[in-house]
Amino acid sequence: MLLYNVTLILEETAAEDWLKWMHEVHVPAVMATEMFVSNRLLKVLDSPNEGVTYCAQYVVESVENYNKYQEVYAPTLQNELNERYKNRFVAYRTLMEFIPPIA
């Protein structure tokens, strides 16, 4: 299992609209790709950055599904984000591996 994390720092004036758009449009579109098994949105409370910081996290079962998402679906979905909130956010994307607890 892997975690695909997208951290976004948004201008305060865009944050409320972005959150609504994420809930109603973007996250459902990402999940409709069927590449991810779950998702969650988080707000960073102690960000040192100006603006509002959120994390969108998606759990994917395999690197193959992640790669397919990046190749087939991500360009269109990221373009929609870029067009809607042009010059109003910065995004950082990371892929992380879950580490099982030590027995």
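Before any of the text, the structure's been laid out above.
Residues numbered from 1 in each chain as written. Predicted model: local features only at pLDDT ≥ 70, side-chain atom pairs only at ≥ 80, totals over all residues. Heavy atoms only, no water.

Draft legend 1. Up close: the overall build of the chain. What the chain contains, in helices and strands, is two helices and four strands. Taking 103 residues into account, the globule formula puts the C-alpha radius of gyration at 13 Å, and the chain, at 14 Å, falls close to it. Judged by the C-alpha coordinates and their principal axes, the chain covers about 45 × 35 × 20 Å. Here the chain holds 103 residues, and 36% of them are scored as buried. In the chain, 73% of the contacts between residues at least 6 apart in sequence involve partners at least 24 apart. In the structure as shown, the chain presents an accessible area of about 6600 Å², 52% of it carried by carbon and sulfur atoms. Here the chain carries 8 positive and 14 negative side-chain charges, and the mean point of each set is 4 Å from the other. (Helix = DSSP H or I, 4+ residues; strand = E, 2+ residues; numbered from the N terminus. Rg over C-alpha atoms; globule rule 2.2 N^0.38 Å. Buried < 20%, exposed > 50% of the residue type's maximum accessible area, 1.4 Å probe, protein only. Contact = heavy atoms within 4.5 Å. Areas by Shrake-Rupley, 256 points an atom, 1.4 Å probe, with all protein chains shown as cover. Lys, Arg positive; Asp, Glu negative; His and termini not counted. Charge placed at Lys NZ, Arg CZ, Asp CG, Glu CD.)

Draft legend 2. Fine view of the packing of helix α1 (residues 12-32) against helix α2 (residues 63-84). Here α1 crosses α2 at 160°, and the two axes come no closer than 12 Å. As judged from the angle between their axes, α1 and α2 are roughly antiparallel. Relative to α2, the crossing made by α1 is right-handed. Note on element contacts: α2 touches α1 through Tyr-69, Leu-77, Glu-80, Leu-81 and Arg-84, opposite Asp-17, Trp-18, Trp-21, His-26, Ala-29 and Val-30. Residue composition of the contact of α1 with α2, grouped by class: seven nonpolar, one polar and three charged. (Axes fitted to C-alpha atoms, helices over the stretch in contact; angles between N-to-C directions. Parallel < 35°, antiparallel > 145°, perpendicular 65-115°, else oblique. Left-handed = near helix turned anticlockwise from the far one by under 90°. Nonpolar A, V, L, I, M, F, W, Y, C, P; charged D, E, K, R; others polar.)

Draft legend 3. Spatial organisation of α2. At Tyr-73, α2 is deflected by roughly 60°, the largest bend along its length, and proline Pro-75 occurs up to four residues later in sequence. Taken together, the buried positions of α2 are occupied by Tyr-66, Tyr-69, Ala-74, Leu-77 and Leu-81. Those residues of α2 that are buried are in contact with β1 (2-10), α1, β3 (52-60) and β4 (89-97). (Bend = angle between axes of the 7 residues up to and from the residue.)

Draft legend 4. Representation of a nonpolar patch on the surface. A cluster of nonpolar side chains, namely Met-1, Val-37 and Phe-98, defines an oily patch on the protein surface of about 280 Å² accessible area. Structurally, Met-1 is set in the segment before β1. (Patch = residues over 30% accessible without salt bridge, like charges linked within 9 Å, V, L, I, M, F, W, Y side chains within 5 Å. Salt bridge = Lys/Arg side-chain N within 4 Å of Asp/Glu carboxyl O.)

Draft legend 5. Inspection of the packing of aromatic side chains at higher detail. Evaluation of the coordinates by the stated rule reveals nine aromatic pairs. Look at Phe-36 and Tyr-58: their rings are 5.3 Å apart centre to centre, the planes differ by 45°, and that puts the pair in the tilted class. Of the two residues, Phe-36 is situated in the loop between α1 and β2 (38-43) and Tyr-58 in strand β3; the sequence distance between them amounts to 22 residues. Side by side, Phe-36 and Tyr-58 carry an identical accessibility label, which is buried. With centroids separated by 6.4 Å and ring planes inclined at 25°, the aromatic side chains of Tyr-69 and Tyr-73 adopt a geometry described as stacked. Of this pair, Tyr-69 and Tyr-73 both sit in helix α2, four residues apart, which is roughly one turn of the helix. Owing to a relative accessible area of 26%, Tyr-73 belongs among the partly exposed residues under this scheme. (Phe/Tyr/Trp six-rings, centres within 6.5 Å; stacked < 30°, edge-to-face > 60°.)

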